[in-house]
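Observations on chain architecture
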Amino acid sequence: MRDPTSFLRQEYEDLVSQELDWKLRVLSGPSAPWCVVDGKKVLMLCSNNYLGLSNHPKLKEAAKRAVDSHGAGSGSVRPIAGTMDLHMELERRLARFKGAEASLVYQTGFAANAGLIPQLAGKGDVIVSDELNHGSIIDGVRLSAAERRVYKHSDADDLASVLDEVEKIFPPFRRILIVTDGVFSMDGDVAPLDRIASLGAEHGAMVYVDDAHGEGVLGEGGRGIVSHFRLSRDKVQVEMGTFSKAFGVVGGHISGTRDLVNFAYNKSRTWTLSGSHPPAVVAACIAAVDVLEREPQHVQKLWENTRYFKKALTDLGFDIGKSTTPITPVMVGDSGRAKRLSARLYEIGVLALPIVYPMVAQGKARIRTIMNAALTKKDLDFATSAFEKAGKELGIIPVRA
Ligand SMILES: Cc1ncc(COP(=O)(O)O)c(C=O)c1O
């Protein structure tokens, strides 16, 4: 007889035996520089809350006010009865912030990638994707009927040859869509979007950048990667992002032309068939855009902290990879050692999680730290000394006399 559910426990137990299961850590209270995680007070060094906005008084106040004025829920999907004035205001404010003609807000960044990518390219088209793109892009590509090509990570020369190969195929593809992360979340490196945009223009391809880790971080006042490279919007047609990282709330978004937004909200099933954000979320997102426009000090502080911490780790002898952003990987190599380092850091009082195979290649395990503008120099010195102590104990850095 077929057993309909035994695979559930078996597959879970397989993951547990290989130590590939997720062990959830529980925060009691806000995501702040110092958090209580599993009952212990620790310095937070791995959240995506780059600017500390998730606990910013203006965001919290805006969320509370919106509950009083608009209620707890939106009541519907956006196209039926779930578009409130707040949703429209957020899209106007975001487009202005990004310097784009229009923006559209999705429930999450994942929903934006999974819902929009398969609509932008379908049968008769080709999607050309960086080999290390985020899982939500990969799933968006899988949902498309388009053909797929993958180019070597951040390698514009390889992208150029893939595009040349694509152009040789007959009958010609109807559309070419190039998709890349802006900042790659495992290594903290920045995609060569200037070169990608030029190649896109040369081949009549649409360029789609997922700037989840670039917004609030790169560019003028944290406006993101398109601003960072000072690219014109007709060369990067889709700038996608999220409110769940530097903006400190939740929600995905795209920015581009009005044509793009009209197309996207009529075609993305993740948008049309899923309930819209509750008022508190939308109001907090508007407040986050407001804070970014009015309080440039958070982005400046993020970069000051980043430089300080990277230098301190390098001076101690840690290998911090090739990151040029506030994501600083501390390369360890062996998965077991990375896990032990993370566990020891937690004991000392720092939460920084290991990234191990299969999230990164075998032998490339690391601790991924993510900087936060709300950390003080004293906090950073505490984090550095924790890394020094644990790194020496585990033989990752030399013990100098
Ligand atoms: C590059 C990238 N794209 C998309 C997402 C998904 O964003 P969201 O959390 O809004 O679903 C993430 C988040 O992990 C990400 O890192």
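It should be noted that the structure appears before, not after, this text.
Read on for a plain summary of the structure. (Residues numbered from 1 in each chain as written. Predicted model: local features only at pLDDT ≥ 70, side-chain atom pairs only at ≥ 80, totals over all residues. Heavy atoms only, no water.)

1. Topic: the packing of aromatic side chains
Definition in use: Aromatic pairs are defined between Phe, Tyr and Trp rings, using the six-membered ring for Trp, whenever the two ring centres lie within 6.5 Å; interplanar angles under 30 degrees are classed as stacked, those over 60 as edge-to-face, and all others as tilted. Each residue gets one of three labels from its accessible area relative to the maximum for its type: buried under 20%, exposed over 50%, partly exposed in between, using a 1.4 Å probe on protein chains only. Elements are defined by DSSP. Helices are runs of H or I of four residues or more, strands are runs of E of two residues or more, and each kind is numbered from the N terminus.
A complete count under the given rule lists six aromatic pairs for this structure. A centroid spacing of 5.0 Å and a plane angle of 65° characterise the contact between Phe 243 and Phe 247, whose relative ring orientation is edge-to-face. According to the relative accessible area criterion, Phe 243 is buried, its value standing at 0%. Its relative accessible area of 0% is what places Phe 247 among the buried residues. Arranged with centres 6.2 Å apart and planes meeting at 65°, the rings of Phe 309 and Phe 387 form a pair that is edge-to-face. Of the two residues, Phe 309 is situated in helix 12 (residues 297–316) and Phe 387 in helix 14 (residues 377–393); the sequence distance between them amounts to 78 residues.

2. Here's the deal with the packing of helix 4 (residues 109–120) against helix 9 (residues 258–267)
Basically, it comes down to this: Axis geometry follows a simple rule: fit a line to the C-alpha atoms, using only the stretch in contact for helices, then measure angles between N-to-C directions, giving values from 0 to 180 degrees. Any angle between 65 and 115 degrees counts as roughly perpendicular, while under 35 counts as roughly parallel, over 145 as roughly antiparallel, and the rest as oblique. Contacts are assigned to residue pairs with any non-hydrogen atoms lying within 4.5 Å of each other. Residue classes follow a fixed rule: Ala, Val, Leu, Ile, Met, Phe, Trp, Tyr, Cys and Pro count as nonpolar, while Asp, Glu, Lys and Arg count as charged, and any other residue, Gly among them, counts as polar.
As a packed pair, helix 4 and helix 9 sit with axes 10 Å apart at the nearest point and diverge in direction by 110°. Between helix 4 and helix 9, the interaxial angle falls into the category roughly perpendicular. Contacts between helix 4 and helix 9 involve Leu 116, Gln 119 and Leu 120 from the first element and Leu 260, Phe 263, Ala 264 and Lys 267 from the second. Taken together, the residues of the contact of helix 4 with helix 9 break down into five nonpolar, one polar and one charged.

3. Digging into the site of the ligand
The condition is simple: To be near a molecule or strand, a residue needs just one of its heavy atoms within 4 Å of it. Polar contacts here mean pairs of N or O atoms no more than 3.5 Å apart (in protein, one a potential hydrogen donor and the other a potential acceptor; neighbouring residues in sequence count only if both atoms are side-chain atoms). Here the open area of atoms and residues is found with the Shrake-Rupley method and a 1.4 Å probe, where only the protein chains shown may cover a residue.
Near the ligand you find Thr 108, Gly 109, Phe 110, His 134, Ser 136, Asp 181, Asp 210, Ala 212, His 213, Thr 242, Ser 244 and Lys 245, and these make up its full shell. The backbone of Gly 109 places a nitrogen or oxygen atom 2.6 Å from an oxygen atom of the ligand. In isolation the ligand has 390 Å² of accessible area, and contact with the protein removes 84% of it. Counted by class, the shell around the ligand contains two nonpolar, seven polar and three charged residues.

4. Brief notes about the layout of surface pockets
To keep things clear, this is the line we draw: Residues are said to line a cavity or pocket when one of their atoms sits within 4 Å of a point; the points come from a 1 Å grid over protein atoms alone, cavities being sets where a 1.4 Å probe fits but cannot get out and pockets being open sets with protein on both sides within 12 Å along at least five of seven lines. Grid points are joined across faces, edges and corners, and a volume is the space filled by probe spheres set on the points.
In this structure, the second largest pocket encloses a volume near 210 Å³. Around the second largest pocket, the lining is made up of 15 residues, and of these Met 88, Glu 91, Ser 103, Arg 258 and Val 261 lie nearest the centre. If you list the elements that add at least two residues to the lining of the second largest pocket, you get helix 3 (85–98), strand 3 (102–106) and helix 9. With four residues, helix 3 is the largest single contributor of residues to the lining of the second largest pocket.

5. Points about the sheet that holds strand 12 (residues 354–355)
Think of a sheet as strands paired side by side through backbone hydrogen bonds, with each pair either parallel or antiparallel. Counted only if it meets this: Whether two strands pair comes down to DSSP finding at least two bridges between them.
If you walk across this open sheet you meet the three strands as 10-13-12, and the pairing is antiparallel. Two strands bound the open sheet, and with one partner strand each, they are strand 10 (327–333) and strand 12. Relative to strand 13 (residues 365–370), strand 12 runs antiparallel, the two being bridged by two bridges. The residue bridging Pro 354 from the neighbouring strand is Ile 367, located in strand 13.

6. A closer look at the pattern of salt bridges
This is how the line gets drawn: Criterion for a salt bridge: a side-chain nitrogen of Lys or Arg within 4 Å of a carboxyl oxygen of Asp or Glu.
With the rule as written, the count across this model stands at 23 salt bridges. Of the charged contacts, one joins Asp 290 and Arg 93 as a salt bridge, the two residues approaching to 2.7 Å between their closest N and O atoms. With Asp 290 in helix 11 (residues 279–294) and Arg 93 in helix 3, this residue pair connects regions lying 197 residues apart in the sequence. Residue Arg 93 is classed as buried on the basis of its relative accessible area of 15%. When the shortest N-O distance is used, the salt bridge between Lys 392 and Glu 388 registers 2.8 Å.

7. Observations concerning the packing of helix 13 (residues 335–348) against helix 14
Here is the rule we go by: Helix crossings fall into two classes, left-handed where the near helix is turned counterclockwise from the far one by less than a right angle and right-handed where it is turned clockwise.
Two numbers describe how helix 13 lies on helix 14: the axes approach to 9 Å, and their chain directions differ by 130°. For the element pair helix 13 / helix 14, the angle class is oblique. With respect to the hand of their crossing, helix 13 and helix 14 are arranged in right-handed fashion. Along the contact surface, helix 13 presents Leu 341, Arg 344, Leu 345 and Ile 348, while helix 14 presents Phe 382, Ala 386, Phe 387, Lys 389, Ala 390, Gly 391 and Glu 393. When its residues are assigned to classes, the contact of helix 13 with helix 14 shows seven nonpolar, one polar and three charged.

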